Each structure stands twice: as structure tokens, then as C-alpha cells.
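Letter by letter, the chains look like this.
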Amino acid sequence: MVKRGFEFSQRMSEMRCQVHSFGLTPYKQADLWPKGHVQHHALWLDWHKRRPATSAQRRRSPARRLNEIMQDFGHKKIDVLEADLASAEWKILESILVDGTAATVHQLILAIHLHWPGFEVSGSEAAVVRYWYSLLKALEARGFRLFHSFKDLQKPQLFLHKELFNASSSYTLSWVNTYWMY
């Protein structure tokens, strides 16, 4: 789980699932869950390959790609990946599709932000939308099927910096991987 309220993690931990939470602020989790059910890590998902860094840089920027995090923890699969990546979702989605990590995820719950292109995404509006669409189609080609979507009406009604009636700048999309093996 990344940068979202604690309700999802709390429910999963109550069912005795192993839950990892990532981000620089742990939402005071020690007060919310019985000890040991949620493991908070002061790092976040990144789409860049790990670069050699000095120890001072490593402390300031604790970021890892999902495949690196899985390798560090000895995980071979992820039952549920729930993430709100604050406009980095497009590059991280591209990263897990390209390196094959998406195949290890059974369910993907992803908050997407449409108010601006996202980190390291540029071009005309049409090019940005084509890029977003290509990633969603790549998920579908790898067996992911959308089973739920949620439009956050509390967010501004923006699409690529423009007001748009009956839209939201934030959606939560949920997919299940139909090719996933237990």
C-alpha cells in the first residue's frame, strides 16, 4: 500500500494478511494495528533503476522499483497491490509492465490522476492520452481485467489542466490478473 488512508491496510491486517506500507509518514500505524500486522517501510516506489549513491543521498531519497522491493523482501508474488502514487503512477505502471513485475500481481488497485500528465510524461494532450491509453491496453494484453472504478467527486473536475464537467482529476481503478498463477 502506498500513500492512502489506513482503512484498507487495517482490514487486510485484521484478516491476518501480511501487509507492507510504504511512504515517509506511517500514519501513526503503531496506534492503529496490533504490533506486527503492518510493516511500514520509509521508502516509496520508483520507476528508475537503482543508481549508486552516497549514503547521504540514500537517506534523503529512499526509493526502489517494485521488483527490487520484492527481491529485498524475498517475495515472489503480490496478492493485492493498492497504490496512490501522487502522479507517478503512469511511469511506475510502465516500469512494472516493461520489467514483467505486473505478472506477479493478482489484484491491482491504482489511483490515477488526470489533472496533469504526470512525472516525466510530456507531449501534446493527444500524445499524453495515447501514452496513458497504451499502458491501460498493455495491462489488458497481460490478462488484467478492470472490475471496478471509482470517480472521486471530491477532487477538482480537471483533465490535463482544463475544467471538464462531470469528470474528476482522480479515479481509483481495480483490476484482476486473469493469468495469475498461485
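All figures in this text were calculated on a predicted structure; none of them were measured in a lab.

Reading fine detail from the predicted coordinates is not recommended where pLDDT is low. Chain-level pLDDT for the chain is 82 on average; 82% of the residues reach the 70-or-more range. Between the elements of the chain, mean pLDDT differs from a low of 47, seen in helix 2 (residues 29–32), to a high of 95, seen in strand 7 (residues 144–151). Confidence drops under pLDDT 50 across residues 29–33; counting only partners more than four residues distant or on other chains, this segment forms 11 contacts.

This part takes up the environment of Val 98. The residue Val 98 is located in helix 5 (residues 89–98) in this model. Sequence separation of Val 98 and Ala 138 is 40 residues, and the distance between their C-alpha atoms is 9.6 Å.

This model, assessed by the stated rule, comprises 6 salt bridges. As a salt-bridge pair, Asp 72 and Arg 64 come within 3.9 Å of each other at their nearest N and O atoms. A salt bridge links Asp 79 to Lys 77; its shortest N-O distance comes to 3.5 Å. Among the residues examined, Asp 79 registers a relative accessible area of 44% and is labelled partly exposed.

Turning next to the nonpolar core. Side chains that are nonpolar tend, in soluble globular proteins, to be buried together. Of all hydrophobic cores here, the largest spans 36 residues; its most connected members are Trp 90, Leu 93, Leu 108 and Leu 110. Elements with a contribution of two residues or more to this core: helix 4 (66–73), strand 5 (78–84), helix 5, strand 6 (105–113), helix 6 (125–141) and strand 10 (170–177). Element by element, the count of residues in this core is highest for helix 6, at 6 residues. When near neighbours in sequence (up to four residues on either side) are disregarded, Leu 108 contacts Leu 81, Leu 93, Leu 139, Phe 144, Leu 173, Ser 174 and Trp 175.

Once that is clear, we can look at the pairing of strand 10. Buried residues dominate strand 10, accounting for 7 of its 8 residues. Inspection of the sheet shows strand 6 paired to strand 10 by 7 bridges, in the antiparallel sense. Bridging from a neighbouring strand, Ala 111 pairs with Thr 172 of strand 10. Here strand 7 runs beside strand 10; their pairing, made up of 7 bridges, is antiparallel.

Conventions adopted
- Residues numbered from 1 in each chain as written.
- Predicted model: local features only at pLDDT ≥ 70, side-chain atom pairs only at ≥ 80, totals over all residues.
- Heavy atoms only, no water.
- pLDDT = per-residue confidence, 0-100.
- Helix = DSSP H or I, 4+ residues; strand = E, 2+ residues; numbered from the N terminus.
- Contact = heavy atoms within 4.5 Å.
- Salt bridge = Lys/Arg side-chain N within 4 Å of Asp/Glu carboxyl O.
- Buried < 20%, exposed > 50% of the residue type's maximum accessible area, 1.4 Å probe, protein only.
- Core = buried A, V, L, I, M, F, W, Y, C linked by side-chain atoms within 4.5 Å.
- Pairing = 2+ DSSP bridges.

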